[in-house]
Structure formats: C-alpha cells, structure tokens
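Close look at the chain arrangement
The lines below spell out each chain.
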Amino acid sequence: MCATGQDPDGGADDARDDSAAAFSALLEDSAEDLYEHAPCGYLSTLLDGRIAKINTTMLGWLGYTREQVVGRLRFADLLTVGGKIYHETHFAPLLRMQGELGGVALELRTADRRRLPVMVTSVVKTGADGQPLLIRTTVFDARDRRSYERELLRAREEAERERDRAQRLATTLQRSLLPPTLPPVPGVEVDSYYHIASPEQVGGDFYDLFPLSGERWGLFLGDVCGKGAGAAAVTSLARYTLRAAAVYDSDPVAVLDNLNTVLNHEYHLDDPRFCTVIFGLLTQTDDGCTVQLASGGHPPALLLRADGTVEQQHTTGGQLVGVLPDPRFVTATVRLTPGDTLLLYTDGLTEARVDAARNRYDDEALLDFATALAPTSASVAITAVRSLLTSFGDGLDDDTAVLALSVPADPGRARR
Amino acid sequence: MGAVDVLSRNCVVVDGPVDGPVVVLSHGFGCDQNLWRLVAPALAERFRVVLFDHVGAGRSDLSAWREDRYSSLEGYAEDVLEILRELDPGPVVFVGHSVSAMIGVLAAVAEPERFAGLVLLTPSPRYVDDEGYRGGFSAEDVDELLESLESNYLGWSAAMGPVIMGTPDRPELEEELTNSFCRTDPKIARVFARATFLSDNRADLPKVAVPTLVVECSQDAIAPREVGAYVHAQIPGSELVTLDATGHCPQLSSPEATTEAITAFVAGAR
Amino acid sequence: MLEDVRAETARSPRMITEYDGDTAVVRVIGDLDMSSSPALREQVDDLLSRRPAALVVDFSGVRFLGSAGIEVLVATHHRAERVGAALAVVGAHRGVLRPLRATGVDALLSLHPTVDSALRAVERSTA
C-alpha cells in the first residue's frame, strides 16, 4: 500500500518507520473520540424511546445541545410528524419483533425547523438473559441519496401516468373500432365477442353488421396484420371502406375488390398494409336467410346445422386484401334455415397455444368443438367460444373477434 | 363469497379451546396479525382466538383488494362482519388496535348482536384536529406521512430482510415472511393511510350499544391521552384503562398488561 | 425434457444463414407466431440490405406458420422486389403450405419443395 519495501538505498526502513508512526497515531485515537465525531449519527435510547446517549455529530446536525436532548426527548421527537407516525406504526413494531431494522428512510426535524433526510438503522441490545435493554441507532445523512430517490420516484410516477394514458387511449381506440351494439335483424339472432389480448396494444381485428336496402344486410369480419397504431389506422380505414363499398355495390367480391384498391392506393410498397376479410351479404327469406360470402385470405366460416352437423365453408384460396393489384377472392353461398348457426372468427382462436409444447388449437380442434356444440344459437355459441378463449389463458396472445348469426329454431324467438 | 373465500381472503387463523369465549384480534395500520404474537398465545390458553389480516395486509388475498371498497373504514368493517357471518361463533369480544378500533365500532353499530364486547386498543376516532377537538395532527401532517411511506418503498423490500416469527427450522417460510410482513403494496398502503388518518368516526361512538373497554397508553404519540378520554366519554358505559406503557403498540411494549386487561374484560363480559 | 426442448425451439426460431455464391439461404427452425416472427423479419431485412442476388427462405424446419409469419413473408416479397433480389421459399409440408394456401399467399411466392430446386429457380431468374 504505502511502503514498497523495494527501495535499494535503504529508504524502505524509513518508510516503514513512518507507516508505524501513522498506525500508532491511529491507535491513540480514542474510541470515545471516534464515537463522538464519527461521520454518522449515533444514539442510544431506552426501550420507551427516551434518548440516553447521543454523539456530537448528531447533535451538530440537529442544532441541539446535549442537555436539551438526553433524558428529555424521545427518538420520535426528533422526527417530522409524518416520520413520527411512520415510526410508531411501522418502525417501532418491526424493531420490537425483529430486534433489528435497517435502511429505513426518515426525516429529522432540526432545532431551526429544517428537515434533514436520513437513513436509519437500529439494533436492540439484549442482556445475558435475552431481555432487551436498549436500542442502538445509527443515522446517516441521506440528502444526496434522497434527492436521487425523489428523481427515481418522480420518473416512476411519470412512467405510470404515461402507461395509464396509453392504456386508456388503446382501450378507447379499440372500442371505437367496433360497433357499440349490432342492429337487430328481423328473424335472425346475432351475437359477437371481441377478446382483447393486451390492453396496451390496439389489435387489428374488426367486424360489423349493417342494413343495406330492403331485406339485405352487409356483414364482415376481418384481421389486419400487425398491431399498434398503424394497424388501428388500417382497421378503421377497412371498416368504413367496406361499409361504403357495400352501399355502392353490394356484391361481396366487388366489396373486397374495392377495399383492395383502397389499401393498395393508401399504403405503398414502403409500408404495405393488408388484411384478411370475410364479407357477407345477408338476404332475408321466408324461413331464414341466405348469406353470400366472399373471403380474402380469411379462415373459413363454420355452419352449425340444426341436425348437429358442421360444415366448413369452402372459401379457402381467396388472397389477402391489400397485397396484390388484382387478387382472387373466393365465394360461397350459405342458406340458413331454423336451427342453423353461422360462425365467423379470426385466427387468434386457431393460433392459440394449448400446451407447454406450444401445440396450437387448430382448425380440426375448432371443428370438433363446433360439432359438440351443434345445434346451437348465436348467443349460446358466442358464450361457448368466450369460455374457450378464457381457457387458453396465456396461450392466447392475439386479439380474437367472433361473430355468429342464427335462425331461431322457433322463429318467434329471435332476439336482438 | 363462500366460507372458504372469505376466510382465505383475510387469512383467518383460529386457535385456542373450541368451547372458550371467542376473542377476535384485529390489527391496525402498518403491520398484520403478527403484531399480536406476544399476546395471542396467552389469550389462546383460555379463549378461542381469531386472528386475521385486513385485505391488503400480510398474507391476505391481494387480488381481493379494490380501491372503492377499501378507501373507507366501512369496507374493512364489512369484511369483519363477513368473517363473523362465516365463522358464526356467536357473540364475540372484538379487540381492535389503532384504526381497527374504529373498524370494530362501525361493525358493532351495524350488527350489535354479533358482539359481546369491544376492546378499543389505543383508539382514535379522528386523527386530525378540528374545532373544539384535538386529534393531535394537522392535514399537512398526514400528507407528510404519505410522503414518508412513499420514500420507504424504494428500500423497503431489502430492508425488511431479517427472519421473523422464529421459524429457523422452516427456511422455506423465510422468503414468504420477509416479503409479506408489514410490507404492503405502495398503492394499497397509501389508500389505507388515507382511510385511517382522514377518517372521522366521532359521531359513531355514542351509537355503540355493547360493553366497551378503552385501553390507552400513558405515552402515545399517535393517540394521546385526551383522545382516549374523549372516546371513553362518548361511548355510553365504557371503561377506561390506562397502561403504563410507551408507544402506540402496547401489545408489543407491554404484552402482559395488555393480556391482563383483555382477559379481565372478557371474563366480565360473559 | 423433450417438451422443454421443443418449447425452447419454438420461443426463438433458430436461423442459420449460408451463402451459395450471391444467394443468401436462411434456414428457419421453430414456430413463426406473434412472438417469434419479428426475429425473422430483422434477419431477412438485414440480409436484403446487403443486396444479395437472391434470397432463399427455407421453411422446411418450420412447424407452425401463423399470420405474423405470413406477414413477414409478404413484406419480404415486397422488399426483395424493391431491392431487385429474387426470392424463393422452401416449404412443402402441411404446417407451411396450409396457411399459405388459406391466405392465397402461395400464389404470390415462388414455392419449392427443396433448397436445391429453390436455388435452381433463383439461378434461372437472376441469370
């Protein structure tokens, strides 16, 4: 450290002598002086809190004389009122039970009413019989540390506020992307559900159902690839484009073509945005309805028949909307008679992980699920899918939208 | 909620002779049922002792905590009644420490038939001074307390390290105890502190219709003697015992005297 | 134990890149879903920014291809077109073919059963 012992001209001995002198000077430093002028505050209190001994450093911080303190004040009297309550409700009980306590932040109130942030550590000294005798406390000046901590706290509060804000915004935005309630369709029961996977992120699933003219209704359900604000903007664009296009020309393929043109136009190669959509044109009939479906890359709709069978609608092969200048869309026509239910869903459902090996809940599992359910109704099917989604727990990390239509077995019982 | 739900929500622990008089010990703001550890064993020799943690404290079910329910003492009082309904032990002596004294008052005013008596340990119906009333604190003091709580969260988890409750033979409990004892989610602590220190239950005191014992300490920075006298004067027919003890937690600083006071009262309330 | 390994594989797809002349061949092993697809996106973006003559994406080791993985393929298709790199995708099994067909993306891509046939295809188009 100080003497090297390598000095060739005999200086090593001198150095050793100096070092020894310094050491003995240190030894002369009395324990009493060390106690009084240590770079931290010391105090000893009786079990009732009365101060029996206190060092000069601590008195200097407080601005009190020894006579003002010893035998007259309790430790809690040296604290701010808030600190006193904290001391009585947390510090003292814990110290009693544990025998020691460290790193607690408190504030001293000095003689001239200033506040001095400190870190306090206390130990209960016990007698030979284990009975507590007195409390020894060490006090460290924590002004710098406290201002640093305050910064940390402030930053954390700011971050929490930001997160809340973002979450509220995402939820509001999400809600604005979905119809508040679906309008009633005479003779048809309609129900829907939207599962939000993450409250922080706006997902890209969407659906709607709206009247066209006379006995005709438009309906759609889709999924914009990606998440976040960019996907939300596309979701919003897709939803109003589909509605407007259906009013202009309700042919399902024409509606999807229209959306494709808009997406191609709005989002160029730098930032291609696309989605899967299934669009339906519903026409009411005497005993139910027909639905002409067109799909652009969307999972096939399921028809749950009154006789308990389930049919996948063959719309596979329709291409994603927004990718190609002239995509191919695939159509199918479904006839719903009393007791039939049509189920549309997004792939959050079939991509959910169902076990530790990350196997997926796939099309086959969904088909089995639907077969067990059939015959059913829109509201019963939606309730069943909801509990299925809940059962996935953490395995479900994408948003999922579900829309169901059914023709009541007893036509008089159509709800909604 | 079903029986199991309520009892596990509040981490209810029952000890002592099955046919003994039932004594419910309810902890105050700051810690949890461990605060009774120096008096509970002695009481359990003669009485059926019921311990529990308020929701948000100790090992209660934190997921049951809701800000709207627990931002006033009524929510805690409702919990006490739910516990009593589930256990259905007949009239009990309810011992409430600190803020739990007023929680007991609220519960006993709502359903007096469930209470054989109340022991109010270092109670205060209002901590903040008011015209013609001295609670001992100003509104600014309460803000300062909230600040004190806040500044201790950073070092909190590490500082509360030492093993407590004498379980060296069960090291697996160490972490659990370290993390739960007297340690509260910052938000929950803030809400409980507000509910405690901004409450005003003075008007409820005259409505107490069960035998009541007020226990105060001779030196208590949180509930000074004039507050103890006020509570005693406001509750019809109540008794007042002043323990020669310092601090706000006589069950820790003077466990024998506290046990004695409770025991004498329970015997008399029978 | 086996499950652990498979889960681990799935969490972060393994990607091995080799060059065959001016053609980058990236072999992907694992699941391509919402959580794992961004890593593939980064990798192919990085490869394309080095302007290879062609890029072969080998999905024969991909067990599950979700919509997020398809999104990466479509984006890669556009990006490759823009930088003038030929793109070929390897994948002939159900786990990859089925979602590609369901979304019609199979028609967009040059799909091949083996890396060899993919390499021959890109050679022809860059020649």
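Anything mentioned here points back to the structure above.
Structure report, in brief. Throughout this description, residue numbers start from 1 for each chain and increase along the sequence as written. The lettering of chains begins at A and the numbering of ligands begins at 1, in the order of writing. The predicted origin of the model limits local features to residues at a pLDDT of at least 70 and limits the giving and counting of side-chain atom pairs to 80 or more, whereas totals for whole chains, interfaces and linings rest on all residues. In computing side-chain properties, one takes all heavy atoms of the structure into account and sets aside hydrogens as well as water.

Attention now moves to the pairing of strand E8 (residues 216-224) of chain A. Residue and element names in this part refer to chain A. Exposure classes here rest on a 1.4 Å probe applied to the protein chains alone. A residue is buried below 20% of its type maximum, exposed above 50%, and partly exposed in between. Elements are defined by DSSP. Helices are runs of H or I of four residues or more, strands are runs of E of two residues or more, and each kind is numbered from the N terminus. Across the nine residues of E8, eight count as buried, placing the element largely inside the fold. Only strands that DSSP links by at least two bridges are regarded as paired with each other. Between strand E7 (residues 205-211) and the antiparallel strand that follows it, E8, lie four residues; Gly214 among them carries a positive phi value of about 55 degrees. Here E8 runs beside strand E9 (residues 275-285); their pairing, made up of nine bridges, is antiparallel. Pairing of Leu219 across the sheet is with Gly280, part of E9.

This part takes up the interface of chain A and chain C. In this complex, chain A contributes 29 residues to the contact, which on the side of chain C involves 27 residues. A buried area of about 2,300 Å², summed over both sides, lies between chain A and chain C, and 53% of it is on carbon and sulfur atoms. The term salt bridge refers to a side-chain nitrogen of Lys or Arg lying within 4 Å of a carboxyl oxygen of Asp or Glu. A salt bridge links Arg98(C) to Asp363(A); the nearest nitrogen and oxygen atoms lie 2.4 Å apart. Whenever a nitrogen or oxygen atom comes within 3.5 Å of another N or O atom, the pair is scored as a polar contact, on the condition that within protein one atom can donate a hydrogen and the other can accept it, and that pairs from neighbouring residues in sequence are kept only if both atoms are in side chains. One can count nine residue pairs in polar contact (both at pLDDT 80 or more) joining chain A with chain C. Split into classes, the residues belonging to the side of chain A that touches chain C amount to nine nonpolar, eight polar and 12 charged. Note on contacts: a residue pair is in contact if any heavy atoms of the two residues lie within 4.5 Å. Here the quantity called buried area is the total loss of accessible area, with a 1.4 Å probe, experienced by two parts when brought into contact, counted for both. The classification used treats Ala, Val, Leu, Ile, Met, Phe, Trp, Tyr, Cys and Pro as nonpolar, Asp, Glu, Lys and Arg as charged, and all other residues, Gly among them, as polar.

Glancing now at unusual backbone geometry. In the segment running from Ala374(A) into Pro375(A), the intervening peptide bond is cis, with an omega of -5 degrees. Of note, Arg113(A) is a non-glycine position whose phi angle comes to about 70 degrees, a positive value. As for its placement among the helices and strands, Arg113(A) is situated in the loop between strand E3 (100-109) and strand E4 (115-126). Owing to a relative accessible area of 57%, Arg113(A) belongs among the exposed residues under this scheme. Of note, the phi angle at Asp88(B) is positive, near 45 degrees, even though the residue is not glycine. With respect to the element layout, Asp88(B) can be found in the loop between helix H4 (73-87) and strand E4 (92-97).

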